[in-house]
Amino acid sequence: LVNLFWPKRENSELENRKLAQMPVFSVKTLLNGKWQDDFSTYLQDQVALRDGWINLESAVNALAFGKTEEGGILNGKDGWMFTKLFTVSTDTEKQLGKNISAVTNFAQRYPGRVTFLLAPSASDIYPEMLPANAPMVDEDAMLDDIFAQVQASGADVIDMRDDYRANKDQYLYFKTDHHWTAEGAKVGFDALMTAMNEDIPQASYNIETVKDFHGTLYSKAPTDFSAADEMHFYSNPDNSVKVNYVQENKQTDTLFDDSFKTKKDKYSTFMGGNFALTEIETNGENDEHVLIIKDSYANTVMPFFADKYKHITMIDMRYYHIMDKTVSEYVKDNGITKVIFLYNMDFVNTDNNFIWLE
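1. Topic: the packing of aromatic side chains
- A full pass over the atoms with the stated rule returns 28 aromatic pairs.
- For the pair W35 and F39, a centre-to-centre distance of 5.0 Å together with 10° between the ring planes defines the contact as stacked. Here the residue W35 and the residue F39 both occupy positions in helix α3 (residues 34-45), the gap between them amounting to four residues, near one helical turn.
- Of the residues examined, F39 reaches a relative accessible area of 25% and is grouped as partly exposed.
- Aromatic side chains F174 and Y267 sit 6.5 Å apart centroid to centroid with 90° between the ring planes, which places their arrangement in the edge-to-face category. Highlighted residues: F174 in the loop between α8 (161-166) and α9 (182-195) and Y267 in the loop between β11 (250-252) and β12 (277-282), separated in sequence by 93 residues.
- Look at Y267 and you get buried, because its relative accessible area is 5%.
- Three or more aromatic residues joined by ring pairs make a cluster, and in this case those are W80, F82, Y126, Y164, Y173, W180 and Y297.
- Taking the ring centre of F304 as reference, the NZ or CZ of K186 above it sits at 5.8 Å.
- In this structure, K263 packs its charged tip against the face of F260, placed 4.8 Å from the ring centre.

Laid out in structure tokens, this is it:
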């Protein structure tokens, strides 16, 4: 009776996903069993006090049974959460090979213009925070192989591991999310500028802090016992920006979407999320036109890029297939002088849209 009258929800902020709704009845779906399956899912998603039951289950597993894995997420020490990666599937290996091959082919077409930054996972920088004896894959070996292939193509490679390990006492990664923090992004940006023989902009930033952030890892294994992160937003009051979200036909004068600061998905405050093609004009010190081929890691770095370059384009390969030209055509048509690949290990393994580099 409680479930019958309990208010129904469209979304779960705790799990960061849409919840199943009452399925439409038909004789066909009843006879083939689909309606029963959908109705069962609907009951599970809309059960009364669902968030409380999820937290209770996670707490019991962690405290009573010492369980360190939940929903593909490892619960580490001091509130750290990590993506479980004990093996790499054959399909993932093949996709990674295709992606790196596409990058190397692209770099060979534009000699001297391509830089490749692949951020390591938090588990590679903070292995001491993993659960005891967690048999994670050898990410260092994977990175060494990727970097060797890309470097052989003539591209400049930015290996962040030494810089990160030297600065691991800083707040480089979120504990409940797979992204780097603004501080981690700044370390990456500085290393990128140094490797490219560019001066690092000396800006005076306003820093806004937003607390109570629970990220993507938490959404897969939510529990009240997990420590919340806080987010820092760096903005330069002396710089001005114009942002054009091309496919969406939307223009703004900020690198942040403040509406996300009060939502579960606070990370989307950076650039408002991910889009196929974003063009940015700034008061940066360098007049070059830079193309950043990216995943969501790049969104956090944009306040620093905006202080450096006047003309910036961001292309997210996961969505770029909706555009009417390849990345190579965009480079030729828009006077791109530098191309920067900025990815993290989670997505360079799985993104199947690198064919649009051609």
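2. Notes on the sheet that holds strand β5 (residues 81-83)
- The three strands are arranged β3-β4-β5 in an open sheet whose pairing can be described as antiparallel. Looking at which strands have only one partner, the edges of the open sheet turn out to be β3 (69-70) and β5.
- Note that strand β4 (residues 73-75) and β5 share three bridges and pair antiparallel. Within the sheet, the bridge partner assigned to L74 lies in β5 and is F82.

3. Observations concerning α9
- An ideal rise of 1.5 Å per residue puts 20 Å on 14 residues; α9 measures up with 20 Å between its terminal C-alpha atoms.
- Looking at the residues trailing α9, positive phi occurs at N197, about 60°.

4. Section: empty space enclosed by the protein
- Applying the stated rule across the entire model yields one cavity of 30 Å³ or more.
- The space that makes up the largest cavity amounts to roughly 40 Å³.
- Lining the largest cavity are Y245, M271, G273, N274, F275, T278, K294, N299 and M314.
- Tallied by class, residues from the lining of the largest cavity come to four nonpolar, four polar and one charged.

5. As for the sheet that holds β11
- Taken in spatial order, the eight strands make up an open sheet running β7-β6-β15-β13-β14-β12-β10-β11, and their pairing is mixed. What marks the edges here is a single partner per strand, and that holds for β7 (156-158) and β11. Neighbour to neighbour, the strand axes of the sheet diverge by 20° on average, direction disregarded.
- For strand β6 (residues 114-119) and strand β15 (residues 338-344), the ladder comprises six bridges, and the chain directions are parallel. In the sheet register, L117 faces β15, and the bridge partner there is L342.

6. Notes on the nonpolar core
- In terms of nonpolar packing, the biggest core is built from 54 residues, with Y173, W180, L255, M302, F305 and L342 touching the most fellow members.
- Top contributing element to this core by residue count: α9, with seven residues.
- With sequence-adjacent residues up to four places away left out, F305 is seen in contact with F189, L192, M193, I292, I312, I340 and L342.

7. Considerations on helix α5 (residues 90-109)
- In this model α5 runs 29 Å from its N-terminal to its C-terminal C-alpha over 20 residues, within 8% of the 28 Å that 1.5 Å per residue would give.
- Taken residue by residue, α5 has Q95, L96, N99, I100, A102, V103, T104, F106 and A107 as its buried positions.
- Buried residues in α5 make contact with β6, α7 (139-152), α12 (327-333), β15 and α13 (345-348).

8. Regarding the environment of K211
- Of note, K211 is situated in strand β8 (residues 206-213).
- Not counting residues up to four positions away in its chain, the partners in contact with K211 are D229, E230 and K266.
- Separated by 2.9 Å, the side chains of K211 and E230 make a polar contact.

9. Overview of the layout of surface pockets
- Estimates place the volume of the largest pocket at around 870 Å³.
- As for the largest pocket, its lining consists of 49 residues, and the residues nearest its centre are T83, H178, L217, N344 and D346.
- No other element matches the four residues that helix α10 (residues 216-220) contributes to the lining of the largest pocket.
- Split into classes, the residues belonging to the lining of the largest pocket amount to 19 nonpolar, 21 polar and nine charged.

Calculation notes
Residues numbered from 1 in each chain as written. Predicted model: local features only at pLDDT ≥ 70, side-chain atom pairs only at ≥ 80, totals over all residues. Heavy atoms only, no water. Phe/Tyr/Trp six-rings, centres within 6.5 Å; stacked < 30°, edge-to-face > 60°. Helix = DSSP H or I, 4+ residues; strand = E, 2+ residues; numbered from the N terminus. Buried < 20%, exposed > 50% of the residue type's maximum accessible area, 1.4 Å probe, protein only. Lys NZ or Arg CZ within 6 Å of the ring centre and 35° of its normal. Pairing = 2+ DSSP bridges. Expected span 1.5 Å × (residues − 1). 1 Å grid on protein atoms, 1.4 Å probe; cavity = no way out; pocket = protein on both sides within 12 Å on 5 of 7 lines; lining within 4 Å. Points joined across faces, edges and corners; volume = space filled by probe spheres on them. Nonpolar A, V, L, I, M, F, W, Y, C, P; charged D, E, K, R; others polar. Axes fitted to C-alpha atoms, helices over the stretch in contact; angles between N-to-C directions. Core = buried A, V, L, I, M, F, W, Y, C linked by side-chain atoms within 4.5 Å. Contact = heavy atoms within 4.5 Å. Polar contact = N/O pair within 3.5 Å; in protein donor to acceptor, adjacent residues only side chain to side chain.

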